[in-house]
Each structure stands twice: as C-alpha cells, then as structure tokens.
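Observations on the model geometry
Read off the chains here:
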Amino acid sequence: MSTTTTTIVNLPDQRTATLPKRHYLNNEDGLLSWLFTGDHKRIAILYLISITFFFFIGGAFAGLIRLELLTPQPDLMASDTYNKMFSMHGIVMVFLFLVPSVPATLGNFLIPIMLGAKDLAFPKINLLSWYLYVAGGLFTLAALVLGGVDTGWTFTTPLSTHYLNTNVVTAATGIFIAGFASIFTGLNFIVTIHRMRAPGMTWFRMPLFVWANYAASILMVLGTPVVAISLVLVALERTVGIGVFDPTKGGDPLLFQHLFWFYSHPAVYIMILPGMGVISEVISTFSRKRVFGYTAVAFSSVAIALFGFFVWEHHMFIMGVSNYSALVFSLLTMLVAVPSAIKIFNWAFTLQKGSITFETPMIYAFAFMGLFVIGGMTGVFLGALGMDIHLTETYFIVAHFHYVMVGGMLMAFLAGIHFWWPKMTGRMYPESFSKLSAVTSFIGFNLTFMPQFILGYLGMPRRYHVYPPEFQVLNVLSTAGATVLGVGFLLPLLYLGWSLKYGAIAGDNPWQATGLEWQIQSPPITENFTEIPIVDHEAYDYDWLAHKTEQEVTTVG
Amino acid sequence: MHISPVLWQFLVKWLNASALFPREASTIAPYTDALYFFLLVITVVGLILVGALVFGFSIRYRAERHPVAIQVEGSTLLEATWTIIPLALFLVCFVWGALLYFRIYTPPTNAMNVYIVGKQWMWKAEHPGGQHEINALHVPTGRPVQLTMISQDVFHSFSVPDFRVKREVIPGRYSTVWFEATEPGTYHIFCTQYCGTQHSGMIGEVTVLTPEDYKKWTQESTSGMSLAQNGERLFASMGCNACHSGSAAARGPNLAGVYGSKLTLTNGSQVLVNDAYLRDAILNPSQHITAGFAPIMPTYQGQVSEDGLIDLVEYIKTLDTNYRVQQTLTTSESNQVAPKTPGMVKP
C-alpha cells in the first residue's frame, strides 16, 4: 500500500489479503438460518438465487421462440404452444425477473449499508416479501406445469376473460402475490431512506443508487396495487362474470387497458430506474470522479417517477381514445424522455477529466449507455402520435422495449453484479472471462434486436407464429444473434460460480470506491458496521477517500 | 472456399426476395416516412454524439494518460443545454407526430365507406353495394376509403403496413380508419393485436385496382342485395316498423333523415346521430331515449349479429323519406288490413 496518495485504483496485494473470519455468510450455518434470516444481505442472496432461476426459465422460452421463428412456417410447435411460449416469457421476465432484479438483490444488499444502517427498517417484512415472491413464482410455475397460459403478459380483455381456456387465474394469482413482494420492498426502502440514514447522511449526500431506488420504490408502492386490482377484476370476470370489461354487459374493454397500463407503464421505470442508479455508481467509480451534476441526476430520477405515472395512454393511441387526450399523453411522453437524456449526458461528462479504467462493470455500463440511447430514442418514435400508428404492435415495439429492458436494465444489472460481487462474496470474478461475456452479450444483443427494428417498420406484427416469407432473412439474423446472446448470459453463471471458490480474495475496497459499503470488510459482518459511521463528506468524494487511506497508512506505520 | 451452386442460387433468391423497406402505397405513406427519417436522423446524431463523448473521454482521460482525476462539480450551463436541446427536439417530434396523427385519423368527407367485421380469426369486408369478402378487400386507387370497423369477439387490429395505417378493432364500438391507395397491387392485411390461437393466421390481402377495374369488380362480385336492402328485410322481420313507422302517432321516433342530425335525448343531452349512435341505440335503447318518447323499446343485445347491425345502420342511413317504411309496414300488415291506398299498384 505505497501509492495511496493518488486515487489510482489499487487492488490489495493478493498474497496478503485474506477473507475476514466472521461475516454475514458464515455467521450462522444451516438452511434454516437462511430461511428465517432477517439479514437484508442474506435476503438479497436468496433473491439473487431465485431471480437467476427465473431468468433462465424465461430465457429458455425466449430461445424456443427464436428457434420457431427461424422459418416462416410453423414447424417446431403448434400455434397454441407458441402463444404460451411468448406469454410465459413475458410474465416470467417482467414480473419475476425485471421488476425485482436490481431493487430486491443489489438494493436489498446495499441500501442499508450505503445509508450507514444496520438493516432495512422492517427486516421481517423484507423476509416476507421474499416468501411472497417465491409463492408468486410457484403459482406461475404451477400455471406453466398445468398447461401454460396464453394471454400474453398483457392479459388483454375480453380475450383473457372469455375466450381462453388456459390457466389464466393461476398465473394472475401468481402475479398478484408477487406484486405484494414488490410493494413491501418499496415500502421498506422508503421508510429506511427516510428514517435510518446515519448521522450526517443528508439527502444530498446519498449515493445516486439510493436516489434511483427511492424513486422506483415510490412507483412500486403507488403503481403495483393498480395491477393487482385489474388482475382481480380479470379473475372475477372469468369466474363469476361481473361484466366490468364485457361490452355485452355494459362493461368497457378499454377500461382494462387503462388500468393495466396505469401500472405497467410506471413498471418500466420500476425496472429501469434502479439500473440507472447502478450506472451512476459504476461510472463514477471507474472514472475516479464525482458524478457530473449530482443534483440533476438525482432529480431526474424523481422527475421520471413523477411523469412516469402520466403517460400510460401512449400504449393506446390506436385504440380509439379521444384524439385530444392522445395529444396530452404524447406531450407528456416527450417530457419523460428529457430526464433520461439529462442522465446520459451527465454520465458522459462524468468521464471528462477522470482517470478512467475499463474493468468489466465499466464495459457493461458503456454497453448500457449505447443501448439505452437507442432504446430511449425509439421510444420517442413511438411517443410521436402519427409514427406510433405504423409502429405499434409490430416488431419495432418488441425491439424498442428489449433495448430498454435487456440492453438497458439487464446490462445495468450485470454491471452491478460484477461491481459488487467482491463485496457480496469477498472474491473477485475472473476479469478476462467477464470482459469476454460483456462483449459477447453486446454483440449478440445488437444482432438479435437490430433486425427487429427493420422488421417492425416492414410491418411484421408481434406475437406472430407464422409470418410471410419475405421477413425470413431478418428473422434468421435475429435468431443467430439470440444464440450469441445466450452464450453471453450463460458465461457469467459459470465463472461467477467458479469464483465463489477459486476467485482472488478481493479485500475491502478493490475499486477504491467512495461508498460506505466499500469502507467495511468484504463480505460484511451481519451488523454491517462495527460502529455507526458519521458521514462528513459528499457522495463520490475521492479526495476524502484519498485522505482517509493516507491516514490509515500513516497510522499503521 | 467452395459453395455448391444450388446453395448459392438459393441464397441469392432468398436475399432478393427479402424486404428491407415497405412499399409506399398510400397517400399517407410518404408523410409517415418523412417523420420516420427525421426521427432516424436525430437518433443517429444523438448516438454519434454520445458515442463520441464516451470514446473521446475514454481515450483522452484513460488512467495511463491521466493518472489523477480532476474533480469537477457540474455546470448549470451544460445542464441547461442538454435539457433544452433534447426538449426542443422532442417537441418538434410531438408536433410533427400530432399533425400526422390527425391526418391519418381524420377521414375526408367524400370517402367511400366499407365495413369491416373482425372475428377470431378472419376479416369480413362488407361493401354497401353488397359485395362481401373474407380476408380480402378490394379498393380503387385515387379515392379515399373509410373503413368502419368492429369486432365480434376480442380486440383485433387492422393493419396495412404498406399504407402505414392501423387501427384497433374493438368489440362493442365502431372505430374508423381511412386511406387512399396510390398503386395498384396487393398488400398484406395483418391483425396486429394478439387475439388467440390463430392470431398469425388472421391475415388477408388488400387488392388495389384502377378505377376501371374496380368498377368491373363491383359489378361482377355483388351478391345482388345491397347492405341497405338486407337491412330493410331485417327491419321488417324484427318488426321495427311497428313503432318506427314515421306517422305522427307512432310510438317510436321517426327514422327518416335521422342520420347525421342532432337529437335531443330525454336527459337533455344532444347527440350527433352517426353509425356508432345508431348501433348503440339498437342494443341499449334505454340509455338513448329521444326526448318526447317513452322508454319502451326492448334491447336487441344478442339478437342481431354485427353484420345485421351494419345492415340496419346502412338501411337507416339511406332512409330519407318514410315512404319505404310505410310500404314495408303496409306489406307486413296486409293480412289484417287490405290496402286501399290509391295509387299503389299491387301485383
């Protein structure tokens, strides 16, 4: 530890670094100690294992979909089976992977530590939310095993209420229950962020990751009940025929669309905002520089959460809504794009005058920025009223939301997992393999979804099992890309698993990052801190870090 | 490397048959494409800008070249720049998109009307002249065509990508879309809203004909009965004329000339009588009582198919005098009262 006067990244000497004797992973032993834990870090690990399981289930469906679309004819499966494939892919990926992905794993693990707290405000509710998530997941799996569901993830009425004979109620129950997991997580975060900040940790000293999760939590708490209500109404309509959405009973089928999208549009921000938080942390750390325009980035998260509630009708521009209400919603949609642009430019300018290194999380963050610009800008295509008419319900929209959800969120999730892996496990991931997987995913992703933009402009409708032969070349390209993408996603599973036993010992602060989580041992002790920290510096204060390290060196001698 | 000539030929054919950009086959298409290219340009420029910043800074400030970071707080000027410029661009997109939207969803008044009924999993097209088509639609070039569409079961969506038009087809209410085809040829019709098992089989073809060919086609393919004539038969068989006779003492309102007029209802509200109103008044009469009449009309929910409703609507549209109604009335009651009206010649 000789060159600590500068803020150059400096891995601790691997020969001398050792794993701490006591930490949250070995504090208690046995399965029960995990199943009854109140420790936010252990719950985060439980979540990580379960969402990874569902991610690969959802991914398997995606693989089968792409395989079927290799040829224009139906050859791999029947139409009903195909419809079940994309429905289950959507349901599993949205409700069981994307919504809980960053908040429930990284958020759970890090938010208390970043705030200087011992745990979340309600540890038992936190555990309950994991159980609810698992119960929701089991219901969804049951729907799958009992024969699947083919409503699409959007449960469009009256198709879902009167015309399908599959396990709609079972799947809806699964989502309903999993929704409460998300409400409880959001509630826990909001209370923790308001009440449990360490002395000196003012709102504007919080890391941007916390701000982003705070904004997402508000969306979870206010939005999720609405999707729960609309799914209950679907179930009631199916079972007892209450007729809320049935036009022959005086109901309005468009009402379902309003209710569903009132949640499901904000849900997009539930998914992406925590990812944006990860990117802020990663970019700052690997440029060794405070995030450019901290306040602008923090407030843009809040602005996205706020505007995000008032744009839902842009999913319904062609559905015969009033032309004038369409105008309002289009305008609001354009406004919600601005905070995202602000974030992108602030991240880019964080790099300026930094001292940049290119570890795997940074590569993922760069991939995120590129893909998110495309995903966000194609959102502007769809928000522009007249353009939406031609593009909506085609592969263009499929490509658009995959650019945001996979290109944006999943890349951010992987950036975060790699970034905090040393903190969570105490060991480093293998750098060369992980760089390879980041690049593979980036290439595979673009090859998969770029052709789908062209297909969409050509007019190929989404959710088509059979398609006209002139679309085949682009579909073949897309399937080829999906194969590469699959490899890119499988690699981390393998090498991260390997690193649990064979990875290099990480030490407390391998990235020389400033967050409170990096000032404690890796993996942390169950109580996180031996003494409650007193925060006397801004977030991303690299001078403070350099000063602190220097002092430590002199004290040790 | 040796590629077998058979495989090579297959590849060449395959690549040639594949499309990269849709045809522009309606008057709307060029407008949509113009906005599309504008959006593409700002996306590419934005992407290049962000890419240049990221790569530029990454090269200039990489740790080897720039070992010590210089802390900067931020800049209000820059923040304002990248708030205002994107906002301005997005507002341009908004205005442009809105203008296009109103262009696509405001049919010209001289448009010819065709009815579309969507059902799992087919499209039925009904021309007022009595041409019925399934998964096909014949239209002339150079004439605006308005589609009045309804679904018999679930949500569908009527999309013709080469025309750049699309509209949801909804159960229980009419939606409309219009286009003016410019190029004779055949174009895909897709159902773009997921509608169950055979969703991807709910496709069809628009055949665009020159005006002369179209005229020939209408003559050759009519069923002999116009929609209004079908509607008249339905009107009589359901006994609508018993109340809607047009006479002063009738229990139901006069229907002649009602289409396109403004009605005052018992609750005091004013409504414009259009296709949607007529359909709704047949199915849910109690909610649409014309001022001065008693709410005695029964509901016809579940008794008339969407096709039948279209026939009735077409019939009521064509009623400009009560002559036909009274004639129907007289015929249907001819068992009880012998017609004595002078001037009416019975065969």
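Residues numbered from 1 in each chain as written. Chains lettered and ligands numbered in written order. Predicted model: local features only at pLDDT ≥ 70, side-chain atom pairs only at ≥ 80, totals over all residues.

Some words on the overall build of chain A
Within chain A, the regular secondary structure consists of 17 helices and zero strands. For chain A, whose C-alpha radius of gyration is 23 Å, the value lies close to the compact-globule estimate of 24 Å for 557 residues. By principal-axis analysis of the C-alpha atoms, chain A measures approximately 80 × 45 × 45 Å. Among the 557 residues that make up chain A, the fraction classed as buried is 62%. Across chain A, the fraction of contacts at a sequence separation of at least 24, relative to all contacts at a separation of at least 6, is 85%. (Helix = DSSP H or I, 4+ residues; strand = E, 2+ residues; numbered from the N terminus. Rg over C-alpha atoms; globule rule 2.2 N^0.38 Å. Buried ≥ 20, exposed ≤ 12 C-beta atoms within 10 Å, placed from the backbone. Contact = placed C-beta atoms within 7 Å.)

Things to note about the sheet that holds strand β6 (residues 156–160) of chain B
Residues and elements named next belong to chain B. Spatially, five strands are ordered β4-β10-β9-β6-β7 in an open sheet, and the strand pairing comes out mixed. Each edge of the open sheet is held by one strand with a lone partner, namely β4 (136–140) and β7 (165–169). Across the sheet, the axes of successive neighbouring strands diverge by a mean angle of 20°, strand direction being ignored. In the sheet, β4 pairs with strand β10 (residues 204–209) via five bridges, with the strands oriented parallel. Its bridge partner being in β10, His138 is matched across the sheet by Thr207. In the packing of helix α4 (residues 211–221) onto the sheet, contacts are made with β4 and β10, and the angle to β4 comes to roughly 130°. (Pairing = 2+ DSSP bridges. Axes fitted to C-alpha atoms, helices over the stretch in contact; angles between N-to-C directions.)

Here we look at helix α3 (residues 76–105) of chain B
Since the α-helix packs 3.6 residues into each turn, any two residues three or four apart lie on the same face. Its 30 residues give α3 of chain B an end-to-end C-alpha distance of 42 Å, which sits within 8% of 44 Å, the value for a rise of 1.5 Å per residue. The set of residues buried in α3 of chain B consists of Glu79, Trp82, Pro86, Leu89, Phe90, Cys93, Phe94, Gly97, Leu100, Tyr101, Ile104 and Tyr105 of chain B. In this structure, the buried side of α3 of chain B is in contact with α10 (294–308), α11 (323–351), α12 (360–383) and α13 (385–391) of chain A together with α2 (29–60) and β7 of chain B. (Expected span 1.5 Å × (residues − 1).)

Details of the packing of α12 of chain A against α2 of chain B
Here α12 of chain A crosses α2 of chain B at 160°, and the two axes come no closer than 10 Å. Put simply, α12 of chain A runs roughly antiparallel to α2 of chain B. At the point where α12 of chain A passes α2 of chain B, the crossing takes the right-handed sense. Residue-level contacts link Phe366, Met369, Gly370, Val373, Ile374, Met377, Val380 and Phe381 of chain A of α12 of chain A to Leu39, Thr43, Gly46, Leu47, Val50, Gly51 and Val54 of chain B of α2 of chain B. Looking at the contact of α12 of chain A with α2 of chain B residue by residue, the class counts come to 11 nonpolar, four polar and no charged. (Parallel < 35°, antiparallel > 145°, perpendicular 65-115°, else oblique. Left-handed = near helix turned anticlockwise from the far one by under 90°. Nonpolar A, V, L, I, M, F, W, Y, C, P; charged D, E, K, R; others polar.)

Some remarks on the interface of chain A and chain B
Accessible area lost when the parts come together is the quantity often used to give the size of an interface. Listed as interface residues are 80 residues of chain A and, on the opposing side, 81 residues of chain B. The element contributing the most residues to the side of chain A that touches chain B is α11 of chain A, with 15 residues. Among the residues making up the side of chain A that touches chain B, the classes are represented as 48 nonpolar, 23 polar and nine charged.

Some thoughts on the sheet that holds strand β8 (residues 175–179) of chain B
Residues and elements named next belong to chain B. Pairing within the open sheet is mixed, and its five strands lie in the order β3-β2-β1-β5-β8. One side of each edge strand has no neighbouring strand; the edge strands of this open sheet are β3 (132–134) and β8. In this sheet, neighbouring strand axes are inclined to one another by 25° on average, regardless of whether the strands run parallel or antiparallel. Relative to strand β2 (residues 122–126), strand β1 (residues 112–119) is paired through five bridges, and the arrangement is antiparallel. Paired with Tyr115 across the strands is Glu126, a residue of β2.

What to know about the packing of helix α9 (residues 253–287) of chain A against helix α14 (residues 395–425) of chain A
Residues and elements named next belong to chain A. For the pair α9 and α14, the least separation of the axes is 8 Å and the interaxial angle reads 45°. Here α9 is positioned oblique relative to α14, judged by the angle of their axes. Crossing of α9 against α14: the hand is left-handed. From α9, Val268, Met271, Ile272, Gly275, Val278, Ile279, Glu281 and Val282 reach across to α14, where they touch Val404, Met405, Gly408, Met409, Ala412, Phe413, Ala415, Gly416 and Phe419. The residue inventory of the contact of α9 with α14, partitioned by class, reads 13 nonpolar, three polar and one charged.

Here we look at the domain arrangement of chain B
Residues and elements named next belong to chain B. Considered domain by domain, chain B is made up of domain 1 (22–66 + 75–224) and domain 2 (227–332). Computed from C-alpha atoms alone, the centre-to-centre distance between domain 1 and domain 2 is 35 Å. Contact residues are listed per partner, giving 10 residues for domain 1 and eight residues for domain 2. Mapped by element, the contributors of at least two residues to the side of domain 1 that touches domain 2 are β1 and β5 (145–151). A breakdown of the residues in the side of domain 1 that touches domain 2 according to their chemical character gives five nonpolar, three polar and two charged. (Domains from an automatic or database assignment.)

Here's the deal with unusual backbone geometry
Residues and elements named next belong to chain A. In this structure, the amide linkage connecting Thr157 to the following residue, Pro158, adopts the cis form with an omega of -5°. The residue Pro158 is located in the loop between α5 (123–145) and α6 (159–163) in this model. Along the chain, Ser522 connects to Pro523 via a cis peptide bond; the corresponding omega equals -10°. Mapping Pro523 onto the fold places it in the loop between α16 (472–502) and α17 (542–556).

Quick word on the nonpolar core
Residues Ala215, Leu273, Ile279, Ala365, Phe368 and Ala415 of chain A together with Ile116 of chain B are the most contacted members of the largest nonpolar core, which totals 268 residues. Tallying contributions element by element places α14 of chain A first for this core, with 21 residues. Mapped onto the domain boundaries, this core takes at least three residues apiece from domain 1 (22–66 + 75–224) and domain 2 (227–332) of chain B. If near-sequence neighbours (up to four positions away) are discounted, Ile116 of chain B is found in contact with Trp123, Ala125, Leu147, Met149, Phe158 and Val169 of chain B. (Core = buried A, V, L, I, M, F, W, Y, C linked by C-beta atoms within 7 Å.)

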